[in-house]
Amino acid sequence: MIDRVTLEAAVQDCVQGGEEDSDQVFSVIDAFDIPKFDYNSERKKFIPSTALRSLHGQATDKAQLFRDRYTVLFQRTSRHELFTPAVMGANPEHQTKKFQLRPVEYLLGSVAKLGEIIVLGMVTQLKPGSYYLEDPTGAVKMDLSQTNFHNGLFTENCFVLAEGWYEDQVFHVTAFGFPPPEPAKTTRAYFGNINFFGGPSATCAKASTKLRVMERENEDAMIVFLSDVWLDDSKVMEKLRVLFTGYSEICPTAFVLCGNFTSSPFGSSHIKTLKGITMYSCPASNWQDYEFDYKRICFALKTKLLVTRLSDVTYSQWIFKDADFPFQISTNPFFSNCYRVLSRTGKPYCTVS
């Protein structure tokens, strides 16, 4: 029997699959809309997470964060050529030496000395001055006195590959390094065109035929990022006038205006001050003096983004209301910090202001 829920899910998949042919080739993915996936070890694939999202996490969420990170790193490292099983019947002379990843419980359950052990785990300091290697199965104390550290910056709570020998409940580490990276091409070979980045399409942007064509046709496309745009400063407003005039002939894909939007770090106790700061109070706020065609500039494409920072008191439009501003701020949403941008060139960008 096919019930209503199944039919709605099928229709939704069809709608998402057809969105690639729509005109939405520039997308901004808010932090709350970024897709979250959980790796299923039994099915060996990523599935959409059903967990509820909240700004105020529970005490267990931090531990779950590290467990999820370990799971992702473990499945990726296990596919590396150093840890994959040897091919049956292959010439031994043409094969490299293979290793096997061991969990921490494999060490803790042994009473004899173990040599040439490689463990993937997180570096922790459970006791002052003593470092441990921890994974979901347990934690083991490490001896780093004779360790050869590979290139990298190693901190607490980072995941590493540790090689060494185990004896008397101590893991004597001889080599210490980060898990090997995996090329995107290899990852796609295992998981297909699943969209990890986010956006309207169910498949990744790189697999989109339409975006690939637009990328070839728009080799000069660009995104302009501006930080600390003090809209209460007349000098800044005048420079914005010069900037937008210069770009009126060659429009970029988008302007990204990042805070702080006020020159002083106003807080919630400065509401009366903020009420007096509008675009009309700036000498350079008369945007009607522009001589170029507004329709030709990329504001008409709705590709102007506003990103607030810590010193911006709120998402409400204190400094924008009552303003004769070509951005149409009243209809333009503020975005989370950070957020993701999927451009019309098919290339994903991620920015943190």
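Residues numbered from 1 in each chain as written. Predicted model: local features only at pLDDT ≥ 70, side-chain atom pairs only at ≥ 80, totals over all residues. Heavy atoms only, no water.

Some points on the overall build of the protein chain
Helix and strand counts for the protein chain stand at seven helices and 16 strands. Within the protein chain, counting contacts between residues at least 6 apart in sequence, those at least 24 apart form 68% of the total. Surface summary for the protein chain: the accessible area is close to 22,000 Å², and the carbon and sulfur share equals 54%. (Helix = DSSP H or I, 4+ residues; strand = E, 2+ residues; numbered from the N terminus. Contact = heavy atoms within 4.5 Å. Areas by Shrake-Rupley, 256 points an atom, 1.4 Å probe, with all protein chains shown as cover.)

Structural notes on the packing of aromatic side chains
Here the structure, examined in full by the defined rule, presents eleven aromatic pairs. Note on Y39 and F46: the rings are 5.2 Å apart at their centroids and 65° apart in plane angle, and the pair reads as edge-to-face. On the accessibility criterion, Y39 (18% relative accessible area) is buried. Since its relative accessible area comes to 14%, F46 is described here as buried. (Phe/Tyr/Trp six-rings, centres within 6.5 Å; stacked < 30°, edge-to-face > 60°. Buried < 20%, exposed > 50% of the residue type's maximum accessible area, 1.4 Å probe, protein only.)

Remarks on the pattern of salt bridges
Tallying each qualifying case throughout the model produces four salt bridges. Here K36 makes a salt bridge to D38, at a shortest N to O gap of 3.1 Å. With relative accessibility at 26%, the residue D38 sits in the partly exposed group. D68 is paired through a salt bridge with K36; the nearest N and O atoms lie 3.9 Å apart. One end of the pair, D68, is in helix α2 (residues 59–78); the other, K36, is in the loop between β1 (27–29) and β2 (37–40), with 32 residues separating them in the sequence. Under the relative-accessibility criterion, K36 is labelled partly exposed at 38%. When salt bridges with common partners are traced through the structure, they connect K36, D38 and D68 into a single cluster. (Salt bridge = Lys/Arg side-chain N within 4 Å of Asp/Glu carboxyl O.)

Things to note about the pairing of strand β11 (residues 223–226)
The sheet contact formed by β11 and strand β12 (residues 254–258) spans four bridges and is parallel. Considered in β12, the bridge of L226 is made with L257. Where the polypeptide runs from β11 across helix α6 (residues 234–246) and back to β12, its parallel neighbour, the crossover connection is right-handed. (Pairing = 2+ DSSP bridges. Right-handed = clockwise from strand over helix to strand, strands pointing away.)

Digging into the confidence of the model for the protein chain
Summarising the model, the protein chain shows a mean pLDDT of 75, and 69% of its residues fall at 70 or more. Low pLDDT, under 50, characterises residues 314–333; the stretch is placed with 45 contacts to residues that sit more than four places away or in other chains. Residue range residues 349–353 is modelled with pLDDT below 50. Its contacts to residues more than four positions away, or to other chains, number 17 contacts. (pLDDT = per-residue confidence, 0-100.)

Here's the deal with α6
An α-helix turns once every 3.6 residues. As a result, residues three or four positions apart point the same way. Over its 13 residues, α6 runs 19 Å from end to end, which matches the ideal 18 Å to within 8%, given 1.5 Å per residue. Taken as a whole, α6 has its buried residues at V236, M237, L240, R241 and F244. For α6, the angular spread of the buried residues around the axis is 145°, confining them to a single face. Structural note: α6 exposes K235, K239, V242 and G246 on the side pointing more than 90 degrees away from its buried face. If you follow the buried residues of α6, they end up packed against β11 and β12. For α6, the capping residue at the N-terminal end is D233, with a side-chain oxygen 2.9 Å from the backbone nitrogen of K235. (Expected span 1.5 Å × (residues − 1). Arc of directions from axis to C-beta. Polar contact = N/O pair within 3.5 Å; in protein donor to acceptor, adjacent residues only side chain to side chain.)

Regarding the nonpolar core
Counting residues in hydrophobic clusters, the biggest one holds 16 residues, and the most contacted among them are V119, L133, M142, F171 and F176. Those elements that provide at least two residues to this core are α3 (104–108), β5 (114–127), β7 (138–143), β9 (159–167) and β10 (170–177). Not counting residues up to four positions away in its chain, the partners in contact with F176 are V123, M142, L144, T147, N148, F149, H150, F154, V160, L161 and A162. Core analysis: the next-biggest nonpolar cluster, separate from the first, contains eleven residues, V229, V236, M237 and F244 among them. (Core = buried A, V, L, I, M, F, W, Y, C linked by side-chain atoms within 4.5 Å.)

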